[in-house]
Amino acid sequence: MTDRIALTGLRAFGRHGVFAHERRDGQEFFVDVVLHVDLTAASKSDALADTVDYGAVADVAARIVGGDPYDLIESVAGRIADEVLGDARLAGKVESVEVTVHKPSAPIQHEFADVAVTITRGRAG
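As a starting point, this report considers the structure included with it. Since this is a predicted model, take the numbers as computed values, not measurements.

**Quick word on the side chain of Glu22**
Working step 1: In this structure, Glu22 sits in helix H1 (residues 20–25).
Working step 2: The class of Glu22 is buried, set by a relative accessible area of 2%.
Working step 3: Ignoring any residue separated from it by four or fewer positions in sequence, one finds Glu22 in contact with Arg15, His16, Gly17, Gln27, Lys103 and Pro107.

Take a look at the structure:
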């Protein structure tokens with residue numbers, strides 16, 4: 001059994017993209033993070049120590065989106081997933097993570113609602 005914690009619609013400004021104007025001007029990105037965890041202990045104890053601090057997850061995602069630019073949102077999503085799994089504050093709690101990075105202002109010459117990439121990563125072992 002795997003329980004889930006979902007953080008959706010985290011907004012952060014970044015400078016990701018392959019075009020010079022994307023790096024120069026930047027744009028808003030939205031991030032969704034789904035954590036697969038066992039919440040049995042937390043549901044019984046009502047203690048933060050027995051669950052995942054989703055504020056820490058939001059901090060990781062916002063820092064990466066706002067940090068060094070990447071050409072591809074695939075790279076942004078992968079970096080977020082890898083850091084969430086490697087974060088010492090979350091060690092032993094997160095079994096797998098699914099990260100979606102939305103780029104609603106992508107430079108596409110057609111009308112569209114959103115462009116998004118989803119990456120799923122799990123613990124090795």
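**Comments concerning the sheet that holds strand S4 (residues 116–122)**
Working step 1: Pairing is antiparallel across the open sheet formed by four strands, whose spatial order is S1-S2-S3-S4. Of all strands in the sheet, those with a lone pairing partner are strand S1 (3–14) and S4, marking the two edges. Each strand axis lies, on average, 15° off the axis of its neighbour in the sheet, ignoring direction.
Working step 2: Pairing of strand S2 (residues 27–37) with strand S3 (residues 94–102) involves eight bridges; the strand directions are antiparallel. Across the sheet, Val33 pairs through a bridge with Val99, a residue of S3.
Working step 3: Contacting S1 and S2, helix H3 (residues 54–66) runs over the sheet at an angle of about 30° to S1.

**Thoughts on the environment of Glu98**
Working step 1: Examined against the element boundaries, Glu98 turns out to sit in strand S3.
Working step 2: Glu98 sits twelve residues away from His110 along the chain, and the two C-alpha atoms are 28 Å apart.
Working step 3: The contact partners of Glu98, leaving out residues within four places of it in the chain, are Asp32, Val33, Val34, Thr118, Ile119 and Thr120.

**Overview of the nonpolar core**
Working step 1: By size, the foremost hydrophobic cluster in this structure holds 31 residues, and its most contacted members are Val31, Leu35, Ile80, Val97, Val99 and Val101.
Working step 2: Among the elements of the structure, S1, S2, H3, helix H4 (73–86), S3 and S4 are those that each provide at least two residues to this core.
Working step 3: It is H4 that contributes the most residues to this core, seven residues altogether.
Working step 4: Residue contacts for Val31: discarding those within four places in its chain leaves Leu7, Thr8, Gly9, Leu10, Ala61, Val65, Ile80, Val99, Thr100 and Val101.

**Focus: the side chain of Lys103**
Working step 1: Summarising the element assignment, Lys103 is placed in the loop between S3 and S4.
Working step 2: Once you skip the residues sitting within four places of it in the chain, Lys103 turns out to touch His16, Gly17, Glu22, Gln27, Phe29, Ile73, Phe112, Asp114 and Val115.

**As for the environment of Val99**
Working step 1: With respect to the element layout, Val99 can be found in strand S3.
Working step 2: Discounting residues that sit within four places of it in the chain, Val99 has contacts with Val31, Asp32, Val33, Ala77, Ile80, Ala81, Val117, Thr118 and Ile119.

**Examining unusual backbone geometry**
Working step 1: A positive phi angle is found at Asp46, which is not glycine, with a value near 60°.
Working step 2: Of note, Asp46 is situated in the loop between helix H2 (40–45) and H3.

**Side note on the pattern of salt bridges**
Working step 1: Inspection of the entire model under this criterion finds six salt bridges.
Working step 2: When the shortest N-O distance is used, the salt bridge between Lys103 and Glu22 registers 2.6 Å. One end of the pair, Lys103, is in the loop between S3 and S4; the other, Glu22, is in helix H1, and 81 residues separate them in sequence. For the residue pair Lys103 and Glu22, the accessibility class agrees, reading buried in each case.
Working step 3: The partner of Arg24 in a salt bridge is Asp25, with the nearest N and O atoms 2.9 Å apart.
Working step 4: Judged by relative accessible area, which is 56%, Arg24 ranks as exposed.

About the criteria used
- Residues numbered from 1 in each chain as written.
- Predicted model: local features only at pLDDT ≥ 70, side-chain atom pairs only at ≥ 80, totals over all residues.
- Heavy atoms only, no water.
- Helix = DSSP H or I, 4+ residues; strand = E, 2+ residues; numbered from the N terminus.
- Buried < 20%, exposed > 50% of the residue type's maximum accessible area, 1.4 Å probe, protein only.
- Contact = heavy atoms within 4.5 Å.
- Pairing = 2+ DSSP bridges.
- Axes fitted to C-alpha atoms, helices over the stretch in contact; angles between N-to-C directions.
- Core = buried A, V, L, I, M, F, W, Y, C linked by side-chain atoms within 4.5 Å.
- Salt bridge = Lys/Arg side-chain N within 4 Å of Asp/Glu carboxyl O.

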